[in-house]
Amino acid sequence: MAKYLLLKHYRGAPPAVNDVPMDQWTPEEITAHVRYMNDFAARLEGTGEFVDGQALAPEGTFVRYDGPGRPPVTDGPFAETKDLVAGWMVIDVDSYDRAVELAGELSAAPGAGGKPIHEWLELRPFLTAPPTVTD
Amino acid sequence: MDGDLLRRLIPEVIGVLVRRGADFAAAEDAVQDALVRALDVWPADPPRDPKGWLVTVAWHRFLDAGRADAARRRREDLVVEEPVPGPTSEVDDTLRLYFLCAHPSLSPSSAVALTLRAVGGLTTRQIARAYLVPEATMAQRISRAKRTVAGVRLDRPGDVATVLRVLYLVFNEGYSGDVDLVAEAVRLTRQLAAMVDEPEVAGLLALMLLHHARRAARTTPDGGLVPLAEQDRSRWDTGAIAEGVRILQAALARDRLGEFQAQAAIAALHADAPVAAETDWVQIVEWYDELVRLTDSPVVRLNRAVAVGEADGARAGLAALAAVDPAVPRHAAVTAYLHERAGDPVTAARWYAEAARRAAHLAERDHLVRQAARLNARPAG
């Protein structure tokens, strides 16, 4: 049992095979894509492997501490930031192989022309508590 | 309310419903409903006959669920000839549930979830919280697991080794949350050991008790990891150690060694040392040799290299490590440790940093980063 984060990037991942921006798809293609994503999440709920999934707005703010008694400093958004996360899904699966299998399926979501996007998803294991048996 | 009593009754109550003609999945659902109700009602109004109460409520739930008129009709035939539940059949019922819930057709996470619910008597919500997943996800995992074992007949014993693997998993990954899964694994293994006369069952129980005994000394108050050598041994639970050693000795006397007994023997040798420096590493290496023979596991070979480093010196440990697959988790951490023991802090610091990057556990990573920082902060020369 291990949790993995599936990260979807707006920017920062290698280009997808079917790399057409979403605003150039047909409305039907967008509907099909959204349905695929929803069905995928619903299926993982059914298999008892779904933990969480969220989408993020592309524009964010950078915030940092600016010393005692001063309000935090904000900056951005920065157009040049290389890595931009679009959203995530957290899964709880029996093995790394299963996590890869699911990420592969998610990457097959249909895009332009109704064909799979072949988008690169980033798979990151959660750090966990250490095991009880240590020697 | 005695929560332990309540949970001990759950497998027996499932057994009664199954004997009355309910299928396992429906019986288990009904008993879970009764359990949740008991948790509500019992604190204010404890029943005189807890098991009778659970059977009555669960049976009504089963009927209300209206799952199968056929089952209801069957019940009318079967209830008449229902055998009087005696102590023997309760043990058999509970034992059969252990085997069913650890059935080899289940994935490890499904077997764990089903065991905790049907044998352990935990609620879906408690299990979900313990494993940090949504309750709906855990509910689905459990109902799928029940569908998977739906066709399995409950009348023949399974392989106890599969049950032990599930219990070990609960123990080893029993992250301390709302529900103390480590203690729960000990309870379930103790219950199993009372029903099954197998040295390896006793071996697993001993292993759990001996590791559980160290619990208070394993972590700092803020959750940091304390390595075995640095633990305050006065905080080890001597009662659990004594019990673990006694159970282990009786198991070893049967002369049917298995991996859990061998692992427990290693834990017992650590428990036996009043201070880390007095650890009998030579004997520990011998037990690791047995474990390598029994399991041929690369993780065991890695731990053996650590023991060799203590018994015969860090150089010998590094030589033993050279034969271990570098892809094994914690390989870099052991490399760092042995290099430091061999008097090479610069190489050790580099390996500690690498080990931190590869760590799979949060507290372990923090510990390794701290080791690297400690060595890097040494004055030059």
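As recorded by an unreviewed UniProt entry, chain B carries the name RNA polymerase subunit sigma-24 and is attributed to Micromonospora wenchangensis. Per UniProt, chain B has the following entry under Sequence similarities (unreviewed entry): "Belongs to the sigma-70 factor family. ECF subfamily."

An unreviewed UniProt entry annotates chain A as YCII-related domain-containing protein of Micromonospora wenchangensis. Note on chain A: under the UniProt heading Sequence similarities (unreviewed entry), the record states "Belongs to the YciI family."

Peer 1: Now, about the overall build of chain B: what can you tell me, with residues and values included?
Peer 2: Scanning chain B from terminus to terminus reveals 20 helices and zero strands. For chain B, the spread of C-alpha atoms along the three principal axes comes to 85 × 45 × 35 Å. Relative to its 381 residues, chain B shows a buried fraction of 43%. Within chain B, contacts between residues at least 6 apart in sequence are counted, and of these 61% link residues at least 24 apart.

Peer 1: Tell me about the interface of chain B and chain A, and name the residues and values.
Peer 2: Taken together, the contact between chain B and chain A spans 31 residues of the former and 19 residues of the latter. Elements with a contribution of two residues or more to the side of chain B that touches chain A: helix H6 (108-119), helix H8 (135-148), helix H9 (160-172), helix H14 (259-272) and helix H20 (362-376) of chain B. Here the side of chain B that touches chain A takes six residues from H8 of chain B, the largest share from any one element. Of the residues belonging to the side of chain B that touches chain A, the class tally is 16 nonpolar, 10 polar and five charged.

Peer 1: Hey, could you go over the UniProt feature "domain: YCII-related" (unreviewed entry) in chain A for me, with residue numbers and the actual values?
Peer 2: Taking the UniProt record as the reference, the feature "domain: YCII-related" (unreviewed entry) is found at residues 28-107 of chain A. Regarding residues 28-107 of chain A, the helix share stands at 40% and the strand share at 28%, and the terminal C-alpha atoms are separated by 19 Å.

Peer 1: Break down the sheet that holds strand E1 (residues 2-11) of chain A for me, citing the residues and quoting the values.
Peer 2: The pairing of strands in a sheet comes from backbone hydrogen bonds and takes either a parallel or an antiparallel form. All names here are of chain A. Strand order in the open sheet made by the four strands is E2-E5-E1-E6, with antiparallel pairing throughout. Here the strands that pair on one side only, and so sit at the sheet edges, are strand E2 (50-55) and strand E6 (122-125). In this sheet, neighbouring strand axes are inclined to one another by 20 degrees on average, regardless of whether the strands run parallel or antiparallel. As defined by bridge partners, E1 adjoins strand E5 (residues 84-93) across nine bridges and the pair is classed as antiparallel. Opposite Leu7, over in E5, you have Trp88 as the bridge partner.

Peer 1: Describe H20 of chain B, naming the residues involved and giving the relevant values.
Peer 2: Residue and element names in this part refer to chain B. With 15 residues, H20 should cover 21 Å at 1.5 Å per step; its first-to-last C-alpha distance of 21 Å lies within 8% of that length. Taken residue by residue, H20 has Glu364, His367, Leu368, Gln371 and Leu375 as its buried positions. For H20, the angular spread of buried residues about the axis comes to 95 degrees, placing them on one side. Taken together, the buried residues of H20 touch helix H18 (331-341) and helix H19 (345-358).

Peer 1: Tell me about the confidence of the model for chain B, and name the residues and values.
Peer 2: Residue and element names in this part refer to chain B. Per-residue pLDDT for chain B averages 91, and the proportion of residues at 70 or more is 91%. Throughout residues 79-85 the model reports pLDDT below 50, and contacts reaching past four residues in sequence, or to other chains, amount to seven contacts. As a predicted assembly, this complex carries a pTM of 0.88 together with an ipTM value of 0.84.

Peer 1: I'd love a proper account of the domain arrangement of chain B, names of residues and values included.
Peer 2: Residues and elements named next belong to chain B. As far as domains go, chain B holds domain 1 (1-85), domain 2 (280-328) and domain 3 (329-381). Each of domain 2 and domain 3 has a C-alpha centre, and these two points are 19 Å apart. Domain 2 puts 12 residues into the contact, and the matching count from domain 3 is eight residues. Of all elements in the fold, only helix H16 (298-312) and helix H17 (314-321) reach the threshold of two or more residues within the side of domain 2 that touches domain 3. Considering each element in turn, the side of domain 2 that touches domain 3 owes the most residues, five residues, to H17. Taken together, the residues of the side of domain 2 that touches domain 3 break down into nine nonpolar, two polar and one charged.

Peer 1: If you had to explain the pairing of E1 of chain A to someone new, which residues and values would you point to?
Peer 2: Sheet topology note: the E1 of chain A/E6 of chain A ladder contains four bridges and is antiparallel. From the neighbouring strand, Leu5 of chain A faces E6 of chain A, where its bridge partner is Arg124 of chain A.

Peer 1: So what's going on with unusual backbone geometry? Residues and values would help.
Peer 2: Residue and element names in this part refer to chain B. For Leu132, which is not glycine, the phi torsion reads 55 degrees and is therefore positive. Within the secondary structure, Leu132 sits in the loop between helix H7 (124-130) and H8. You can call Leu132 partly exposed: it has 14 C-beta atoms within 10 Å. Positioned with a positive phi, Asp296 is a non-glycine residue whose angle comes to about 50 degrees. Position of Asp296 among the secondary structure elements: in the loop between helix H15 (281-295) and H16.

Peer 1: Any details on the packing of helix H11 (residues 199-212) of chain B against helix H13 (residues 238-252) of chain B? Residues and values, ideally.
Peer 2: All names here are of chain B. Orientation of H11 relative to H13, taken along the N-to-C sense of each, is 160 degrees, at an axis distance of 8 Å. Judged by the inter-axis angle, H11 sits roughly antiparallel to H13. Between H11 and H13 lies a crossing whose hand is left-handed. Contacts from Pro199, Ala202, Gly203, Leu205, Ala206, Leu209, Leu210 and His212 of H11 reach H13 at Ala240, Ile241, Glu243, Gly244, Ile247, Leu248, Ala250 and Ala251. Among the residues forming the contact of H11 with H13, the class breakdown is 12 nonpolar, three polar and one charged.

Peer 1: Could you give an account of the nonpolar core, naming the residues involved and the relevant values?
Peer 2: With 126 residues, the main nonpolar core has Val13, Leu17, Val31, Ala58, Leu167, Ala206 and Leu210 of chain B as its most contacted residues. Setting aside chain neighbours within four positions, we find Val13 of chain B in contact with Val31, Lys51, Leu54, Val55 and Ala58 of chain B.

Peer 1: An account of the UniProt feature "domain: RNA polymerase sigma factor 70 region 4 type" (unreviewed entry) in chain B is needed here, citing residue identities and associated values.
Peer 2: Cross-referencing UniProt, the feature "domain: RNA polymerase sigma factor 70 region 4 type" (unreviewed entry) maps to residues 97-148 of chain B in the present numbering. Helix and strand shares over residues 97-148 of chain B are 73% and 0% respectively, and the end C-alpha atoms of the span are 14 Å apart.

Peer 1: Run through the environment of Leu123 of chain A, naming residues and quoting values.
Peer 2: Residues and elements named next belong to chain A. Mapping Leu123 onto the fold places it in strand E6. On the basis of neighbour counts, which here come to 15 C-beta atoms within 10 Å, the residue Leu123 falls in the partly exposed class. Here Leu123 is in contact with Tyr4, Leu6, Ala99, Val100 and Ala103, once residues within four sequence places are set aside.

Rules used in this analysis
Residues numbered from 1 in each chain as written. Chains lettered and ligands numbered in written order. Predicted model: local features only at pLDDT ≥ 70, side-chain atom pairs only at ≥ 80, totals over all residues. UniProt positions renumbered as here; feature names shortened; annotations may be inferred. Helix = DSSP H or I, 4+ residues; strand = E, 2+ residues; numbered from the N terminus. Buried ≥ 20, exposed ≤ 12 C-beta atoms within 10 Å, placed from the backbone. Contact = placed C-beta atoms within 7 Å. Nonpolar A, V, L, I, M, F, W, Y, C, P; charged D, E, K, R; others polar. Pairing = 2+ DSSP bridges. Axes fitted to C-alpha atoms, helices over the stretch in contact; angles between N-to-C directions. Expected span 1.5 Å × (residues − 1). Arc of directions from axis to C-beta. pLDDT = per-residue confidence, 0-100. Domains from an automatic or database assignment. Parallel < 35°, antiparallel > 145°, perpendicular 65-115°, else oblique. Left-handed = near helix turned anticlockwise from the far one by under 90°. Core = buried A, V, L, I, M, F, W, Y, C linked by C-beta atoms within 7 Å.

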